[in-house]
Amino acid sequence: MWKETEILQQIVVDTARICHTSPSIHLHESDRAAVLKDVYIDNVSSDGITLKADCHAESFFKKNYGNKRCDYIILSQVGDKRVALFLDMKSTALSNADVVEGFPHDLGRGYPGYVHQLRSSSCFFDFLHTVMKEFCSCSALAKYKKNTQRFFVVFHVKDMSQITRPITRTRPQKNNTPDTALILHVNNNDHLDFESLVLL
């Protein structure tokens, strides 16, 4: 078991984590209104762990200032490289509002709503690193560096609507930043291979 997995099991409540007891993990959306409820990620590392990043989320920040997080953060391995996969499950099509919604201090640069969630989640991951370092003298999360070992994916269950600036479903470039997230159309109970979601 990796050191980061051991410490996260120690400090994170049971309801906010999934241990990798089998090669496949079940991602479930409990919201009754959700259309996309169940997806399976196959071939995850048994030494890793999955965090339910939006579990027990408190409304501490105002809108557009880190108030939302993605559904899951999966720590696993691709080849000999440990990576963190930030994953959000959307039950609606990506809309024009997703594309044009911006941040007050981004100097006019527009960010989709899902990018907001993924950026917030990366900040949350940095916070986890700080907590582990301060309270457990563990810097194991430091290896999951931005732009090299963090990857971002959005699942959606409906066909994307016509939008002002179209978002391609599968981006050929690396999905190692929130604004280059890999966007995939999936169906309930689909199985996806972990490595296929990490574009190195």
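As a reminder, the structure under discussion sits directly above these lines.
The rules behind each value
Residues numbered from 1 in each chain as written. Predicted model: local features only at pLDDT ≥ 70, side-chain atom pairs only at ≥ 80, totals over all residues. Heavy atoms only, no water. Pairing = 2+ DSSP bridges. Helix = DSSP H or I, 4+ residues; strand = E, 2+ residues; numbered from the N terminus. Axes fitted to C-alpha atoms, helices over the stretch in contact; angles between N-to-C directions. Contact = heavy atoms within 4.5 Å. Parallel < 35°, antiparallel > 145°, perpendicular 65-115°, else oblique.

With that settled, the discussion passes to the sheet that holds strand β5 (residues 72–78). Sheets are built from strands that pair by backbone hydrogen bonding, the pairs being arranged parallel or antiparallel. Across the sheet, which stays open at both edges, the six strands sit in the order β1-β4-β5-β6-β7-β8 with mixed pairing between neighbours. Because the sheet does not close on itself, it has two edges, and the strands there are β1 (17–19) and β8 (182–185). The mean angle between the axes of side-by-side strands here comes to 25°, regardless of whether they run parallel or antiparallel. With four bridges joining them, strand β4 (residues 49–52) and β5 adopt antiparallel strand pairing. Looking at the pairing, Leu 51 lines up with Ile 73 of β5. Across the sheet, helix α1 (residues 3–11) is in contact with β1, β4, β5 and β6 (81–90); its angle to β4 comes to roughly 40°.

This part takes up the packing of α1 against helix α3 (residues 113–136). Here α1 crosses α3 at 85°, and the two axes come no closer than 11 Å. By the angle between their directions, the pair α1 and α3 is classed as roughly perpendicular. Across from Glu 4, Ile 7, Leu 8, Gln 10 and Ile 11 in α1, the residues of α3 making contact are Leu 128, Val 131, Met 132 and Cys 136.

Distances and angles like these do not, on their own, reveal function.
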